[in-house]
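The chain contents come next:
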Amino acid sequence: MNAMCHRCTAIVLLVLVAGCSEPEPPAAATTPSTEAADLVLRNSYVYTADPARRVVESVAIRGNRIVAVGSTAELEAYVGPGTKVLDLDGRMVMPGIQDTHVHALATVEPDLCDFKGEAKSLDEMVPFLKDCLARYTRATGDWMIVLQWPFGRGNQPSDTYPTLRAALDAVSADHPILLAGDDGHHGAANSAALALARDADGN
């Protein structure tokens, strides 16, 4: 083997030995998981919707990603000089509801007259609605909207109230009343409400 071949063999052996040796440790760097977040939400009721259905109190967000959830103490590591920190004072945070058909208003229970889906006969309905009218004091002519009326259950007529309209008229002749069906598509009205109905020409 000539001198050139000896030199080539030596170079190859050096390369192989270098490749098998331990790599040089990288320069120290902050790992992505503990870099300061852009936004930290504190003192909240955070429903994670993870498999354990955990509720925590803080969220750290970087860019458009949630990078950590946990206690305020646990997420302190994500607060840096440029981090915006919001104290939510116990308000709720939950995952976004991504759906093509969401009744957003139904996520909060309003302080209104509400059947809550409970079926009632017409004899039961009249005192229930009169109580609502008394509790939610209204001036003459004001509307009373009643939520979650179970249009497909209950509503049995009686000798006193042979029709739903008769029952609603017995509640009030001075207030337009509208029962909003619990499916979001049905409704019922009393005579005072129907008297206000107009077409596009005002007839």
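Residues numbered from 1 in each chain as written. Predicted model: local features only at pLDDT ≥ 70, side-chain atom pairs only at ≥ 80, totals over all residues. Heavy atoms only, no water.

A. The overall build of the protein chain, seen in detail. A tally of regular secondary structure across the protein chain gives four helices and ten strands. The proportion of buried residues among the 203 residues of the protein chain is 26%. Residue pairs in contact within the protein chain that sit at least 24 positions apart in sequence constitute 60% of those at least 6 positions apart. Surface summary for the protein chain: the accessible area is close to 13800 Å², and the carbon and sulfur share equals 57%. (Helix = DSSP H or I, 4+ residues; strand = E, 2+ residues; numbered from the N terminus. Buried < 20%, exposed > 50% of the residue type's maximum accessible area, 1.4 Å probe, protein only. Contact = heavy atoms within 4.5 Å. Areas by Shrake-Rupley, 256 points an atom, 1.4 Å probe, with all protein chains shown as cover.)

B. View of the packing of helix α2 (residues 122-135) against helix α3 (residues 164-171). Two elements in contact, α2 and α3, have axes whose closest approach is 9 Å; the angle formed by their N-to-C orientations is 30°. If you check the angle between α2 and α3, you find them roughly parallel. The handedness of the crossing between α2 and α3 comes out as right-handed. Counted together, L122, M125, V126, L129, K130 and L133 of α2 and L164, A167, L168, A170 and V171 of α3 form the full contact between these two elements. Tallied by class, the residues present in the contact of α2 with α3 amount to ten nonpolar, no polar and one charged. (Axes fitted to C-alpha atoms, helices over the stretch in contact; angles between N-to-C directions. Parallel < 35°, antiparallel > 145°, perpendicular 65-115°, else oblique. Left-handed = near helix turned anticlockwise from the far one by under 90°. Nonpolar A, V, L, I, M, F, W, Y, C, P; charged D, E, K, R; others polar.)

C. Looking closely at the layout of surface pockets. Within this model, the second largest pocket holds a volume of roughly 150 Å³. L41, V46, Y47, T48, V59, I61, I66, V69, V93, M94 and P95 together form the lining of the second largest pocket. Elements supplying a minimum of two residues to the lining of the second largest pocket: β2 (45-47), β4 (58-62) and β5 (65-70). Classifying every residue of the lining of the second largest pocket by side-chain character gives ten nonpolar, one polar and no charged. (1 Å grid on protein atoms, 1.4 Å probe; cavity = no way out; pocket = protein on both sides within 12 Å on 5 of 7 lines; lining within 4 Å. Points joined across faces, edges and corners; volume = space filled by probe spheres on them.)

D. Main features of the sheet that holds strand β8 (residues 144-149). Strand order in the open sheet formed by three strands is β8-β9-β10, with mixed pairing between adjacent strands. Where the open sheet ends on each side, the last strands, each with one partner, are β8 and β10 (187-189). Across the sheet, the mean angle from the axis of one strand to that of its neighbour is 15°, orientation sign disregarded. Docked against the sheet, α2 engages β8 and β9 (177-181), running at close to 130° with respect to β8. (Pairing = 2+ DSSP bridges.)

E. Fine view of the environment of D199. For D199, the location among the structural elements is in the segment after α4 (191-194). Here D199 falls in the partly exposed class, since its relative accessible area comes to 39%. Reaching out from D199, the side chain makes a polar contact with the backbone nitrogen of D201 at a distance of 2.9 Å. (Polar contact = N/O pair within 3.5 Å; in protein donor to acceptor, adjacent residues only side chain to side chain.)

F. Examining the environment of G117 more closely. Turning to its location among the elements, G117 is positioned in the loop between β7 (92-93) and α2. The contacts of G117, once residues within four sequence positions are left out, are Q148, P150, R153 and D182.

G. Region of interest: α2. Between its terminal C-alpha atoms α2 stretches 20 Å, which fits the 20 Å expected from 14 residues at 1.5 Å a residue. For α2, the complete set of buried residues consists of L122, M125, V126, L129, C132 and L133. Projected down its long axis, α2 carries its buried residues within an arc of 130°, all on one side. (Expected span 1.5 Å × (residues − 1). Arc of directions from axis to C-beta.)

H. Fine view of the confidence of the model for the protein chain. When the pLDDT values of the protein chain are averaged, the result is 83; 81% of them are 70 or greater. Here residues 1-32 is a poorly scored stretch, pLDDT under 50, and it has four contacts once near neighbours within four places are set aside; other chains count. (pLDDT = per-residue confidence, 0-100.)

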